[in-house]
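Survey of secondary and tertiary structure
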Amino acid sequence: MERKDQCILISGESGAGKTEATKKILQYYAVTCPASQQVETVKDRLLQSNPVLEAFGNAKTLRNDNSSRFGKYMDVQFDYRGAPVGGHILNYLLEKSRVVHQNHGERNFHIFYQLLEGGEEDLLRRLGLEKSPQQYHYLVKGQCARVSSINDKNDWKIVRRALTIISFNDSEVEDLLSIVASVLHLGNVQFAADEQGNAQVTTENQIKYLARLLAVEGSVLRDSLIHKKIIAKGEELISPLNLEQAAYARDALAKAIYGRTFSWLVNKVNKSLAYKEGEFPGWRSTTVLGLLDIYGFEVFQHNSFEQFCINYCNEKLQQLFIELTLKSEQEEYESEGIAWEPVQYFNNKIICDLVEEKFKGIISILDEECLRPGDATDTTFLEKLEETVKNHPHFLTHKLADQKTRKSLGREEFRLLHYAGEVTYSVAGFLDKNNDLLFRNLKETMCNSENPIINQCFDRTELTDKKRPETAATQFKNSLSKLMEILMSKEPSYIRCIKPNDAKQADRFDEVLIRHQVKYLGLMENLRVRRAGFAYRRKYEVFLQRYKSLCPETWPTWDGRPHDGVAVLVKHLGYKPEEYKMGRTKIFIRFPKTLFATEDALEVRKQSLATKMQATWRGFYRRKKFLHMKHSAITIQSWWRGTLGRRKAAKKKRAVETIRRFIKGFIYRNYPRCPENEYFLDYIRFSFLMNLKRNLPKNVLDKSWPTPPPSLCEASQLLRQLCMQNMVWSYCKRISPEWKQQLEQKVIASEIFKGKKDNYPQSVPRLFINTRLGNEEINAKVLQALENEAIKYAVPVIKYDRKGYKARARQLLLTQNAVVIVEESKIKQRIDYANLTGISVSSLSDNLFVLHVHCEDNKQKGDVVLQSDHVIETLTKTAMRADKVNNVNINQGSIKFTVGQGKEGIIDFISGSELLIAKAKNGHLTVVAPRLNSR
């Protein structure tokens, strides 16, 4: 809330739970911080950086199954809302010696065992590895390859997933694991001495694996492991190595590869965590929370250079704790004029000076011994210590100790009395580890590597830099000094981890061990200072700014001095004299409950103000919204009016142009097509075509057609023909075969009788029937006599005798080949179609007709005079069946017909009021046909 950078210092001895506390803090922030897609990505990367760094930087020790073998300081960046937007990690002094050596009961770094236990078969085959850790010399030193509390296979899955989350691609993972595998193969490189005592590589297979994994020349690597390049007076000298030197070179290369790869890994994680302004626009101001998770105080049976550096680091942190809590707090009370009784405490500055003081400190002496010419050894370093710091109360050696103490001190050991207790260090290896040297030719080989990670870890500028690099102890001291500056610049909080027992068991509390930790951590002194002191203190300006809304006199602004404003404020809040003190620049509140009550009141006030502000804001917002909507409406209205006006003007303009073109076209309408009349002509044609579209004939009988303009007369005629053809085609396509037959008969009837016979119009609307008599109405003997001749049409008729013209009922049958006249059960006359010469009928409305036959045919008695109520239908079907359409004669006045051999008869037709058929006195057959209103 106050936009201050803060840090949390997590301290405690090895195995007390510092790493777990760091995880819990990160998990807490991951759960409670505001969420968004970008923030979730950052939170995932912050959380997943832990398993990766633990795999490469943690190991099982005697005191802790997941001991941090490096120091870690993580900065988490937060935006103004309190959401994490980035992070950065600083690492300190990785215990590289663990790569090549582990004490009994301890393991190498977790990643080696995770890779062997969890790696896929194909991956291990590419790396040239076997699943058993017993196959690798660097993993069997501690004789503790498997631990019941560690599931390497499951941890491997977690690490692989974490690498993906923190932006490792498949190629980078493959390169990284190749380096891990190369360290194991390096440990299996063995040497043998030749006749001159020079070392020779005996495990050529391991060199092949190393050459492939590190992407270097195998022969060059082999030579680099058994030779040393020295530059003396500008000349390069190559000297062979003995067995001990070759083993040292191999181990030094393994440590250098792993240590530099670990630093590269931290940088890679930092790139993934880096605050990216593009992903969080507008969040340029960030606040930092630092988390310090660093190795705890260590006391082993055998303590070396690493434990010396680790415990020195813990001394510095303890000193910082003293400075920020015990010393600075008491000094603040005195400077602020607060009555105070000093609390005594142990200040470990004397131990820090013993280690880091210039020219006199242990680190200075160690560096001097490493850099001086001559034969410097670990023993000469110890002797120099005894000579320089022999009178220091916190330093002791075998030579300086009394008789009793000498029994517990070796001749190559020295003892320091730390704030946490006595620790005995063996000087063996101090110089080598401090120098941290890697032969030049090994550096050159690594600089030529084509493995991208190795190539970045070994910078070629090292080969040309003639400046001697800083020793490991000096680098560590300088990095600690910078860390102290970082921590001092932030507002600190503390987590002190207490280890309950040394057996790593749950629910077991070792009272002596716990009391010892409480004592050396200075917790009792800190508790006394806190109890006697004040829980909260703030500058008057800050306190007034935060709580001024609780007092009417200080809200909303206070014009006087901040001191006076705070006095008015606490009086209004009802603080009792024993609950607070007023210093020179700050107010001090003794009890947390007093502050909590003030915070509760502030929260209530905030809610009240928030309610009022919400109401005010709602009114302001609604008025602002109304004005905005009003302005928008006016803008839209004016725009729309303008649009309508422009549209109207454009429409008028187009109308004027159209009228002008129309008038000009009308003037030039009779001229050939030209620019002056083309619009008019097109419009006339378009109008005609559109009118035609709306008024097309509905059927083939509809003869209507719009009158075309002169220019379209020819086109109109063609369109009319096409339209008629189309209607006819459509109509024909729809009719059935039966209806087609009906129409064909009607067409023939029209051709024969239309305009020629008076009663034809009455037959037009009546459909022709297939037959007027069913088979049941025709005598069976007649049907039998006709045998296989199918009857196509049958109709009842009246036959008039040739002599006397007596009327007799008969049946007219049309077969496939003949006309048959039937009287009940007898066939009276059969006229083949070939013998039928014609058909005669009058033009009046009577129903008589005459069938003319060949006179030469002896079978025929003469022409046949018949009457049918369906004369038009009967004659049409007879003419079509006999193919005599053109032989139908329509006579006016009279019809002559053959009665017999050489004899003729005459039928006279006259118009009358009603139908009458009778024999006249002249011997003719007279037919009176009734007159019809219209034809």
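Residues numbered from 1 in each chain as written. Predicted model: local features only at pLDDT ≥ 70, side-chain atom pairs only at ≥ 80, totals over all residues. Heavy atoms only, no water.

Inspection of every chain in the model, using the stated rule, returns 47 salt bridges. Between Lys268 and Glu172 there is a salt bridge; the shortest N-O distance is 3.0 Å. A residue pair is termed long-range when its members are at least 10 positions apart, and Lys268 in helix H9 (residues 243-273) and Glu172 in helix H6 (residues 170-187) qualify at 96 residues. An identical accessibility class is assigned to Lys268 and Glu172; each is buried. When the shortest N-O distance is used, the salt bridge between Glu823 and Lys828 registers 3.5 Å. (Salt bridge = Lys/Arg side-chain N within 4 Å of Asp/Glu carboxyl O. Helix = DSSP H or I, 4+ residues; strand = E, 2+ residues; numbered from the N terminus. Buried < 20%, exposed > 50% of the residue type's maximum accessible area, 1.4 Å probe, protein only.)

The next thing to look at is the packing of aromatic side chains. Counted under the stated rule, the structure contains 32 aromatic pairs. The interplanar angle of 75° and the centroid separation of 5.9 Å between the aromatic rings of Phe168 and Trp264 together place this pair among those described as edge-to-face. Taken together, the residues Phe168 in the loop between helix H5 (152-165) and H6 and Trp264 in helix H9 connect sequence positions 96 residues apart. Assigned by exposure class, Phe168 and Trp264 land together as buried. Plain terms: the ring middles of Phe543 and Tyr547 are 4.8 Å apart, the flat faces sit at 50° to each other, and that makes the pair tilted. Here Phe543 pairs with Tyr547, and both are found in helix H22 (residues 540-547), just 4 residues apart, close to one helical turn. Among the residues examined, Phe543 registers a relative accessible area of 1% and is labelled buried. (Phe/Tyr/Trp six-rings, centres within 6.5 Å; stacked < 30°, edge-to-face > 60°.)

Under the present numbering, the feature "binding site: ATP" (unreviewed entry) in UniProt falls on Gly12, Glu13, Ser14, Gly15, Ala16, Gly17, Lys18 and Thr19. Within the secondary structure, Gly17 sits in the loop between strand S1 (6-11) and helix H1 (18-32). Classification of Gly17 by relative accessible area gives partly exposed; the value is 26%. Along the chain, Lys18 falls in helix H1. Note on Lys18: relative accessible area 7%, which makes it buried. Leave out the neighbours within four places in its chain, and Lys18 touches Ile10, Ser11, Gly12, Glu13, Asp293, Ile294, Tyr295, Gly296 and Cys497. Of the polar contacts made by the side chain of Lys18, one reaches the backbone oxygen of Glu13; its length is 3.1 Å. (UniProt positions renumbered as here; feature names shortened; annotations may be inferred. Contact = heavy atoms within 4.5 Å. Polar contact = N/O pair within 3.5 Å; in protein donor to acceptor, adjacent residues only side chain to side chain.)

Gln206, Ile207, Leu210, Ala211, Leu213 and Leu214 are the residues of helix H7 (residues 204-214) that are buried. Directly after H7, the chain includes Ala215, whose backbone phi takes a positive value near 55°.

Moving on, we get to a nonpolar patch on the surface. Taken together, the side chains of Ile659, Ile663, Phe666, Ile667, Tyr668 and Tyr671 define a hydrophobic patch exposed on the protein surface, amounting to about 620 Å² of accessible area. With respect to the helices and strands, the residue Ile659 is situated in helix H24 (residues 592-667). (Patch = residues over 30% accessible without salt bridge, like charges linked within 9 Å, V, L, I, M, F, W, Y side chains within 5 Å. Areas by Shrake-Rupley, 256 points an atom, 1.4 Å probe, with all protein chains shown as cover.)

Attention now goes to the packing of helix H27 (residues 737-753) against helix H30 (residues 871-882). Packing of H27 against H30 brings their axes to within 10 Å, and their N-to-C directions diverge by 100°. Considering their axes alone, H27 and H30 lie roughly perpendicular with respect to each other. In this structure, H27 uses Gln745, Ile748, Ala749, Ile752 and Phe753 to contact H30, whose residues at the interface are Ile872, Leu875, Thr876, Lys877, Ala879 and Met880. (Axes fitted to C-alpha atoms, helices over the stretch in contact; angles between N-to-C directions. Parallel < 35°, antiparallel > 145°, perpendicular 65-115°, else oblique.)

With an omega of 5°, the peptide bond between Trp555 and Pro556 qualifies as cis. Looking at where Pro556 falls in the secondary structure, it is placed in the loop between H22 and helix H23 (562-573). Phi is positive for Gln143, which is not a glycine, with a value near 50°. Tracing the sequence through the fold places Gln143 in the loop between helix H4 (121-127) and H5. For Gln143, a relative accessible area of 63% puts it in the exposed group. Despite not being glycine, Asp436 shows a phi value in the positive range, around 50°. Checked against the element boundaries, Asp436 lands in the loop between helix H15 (430-435) and helix H16 (440-447).

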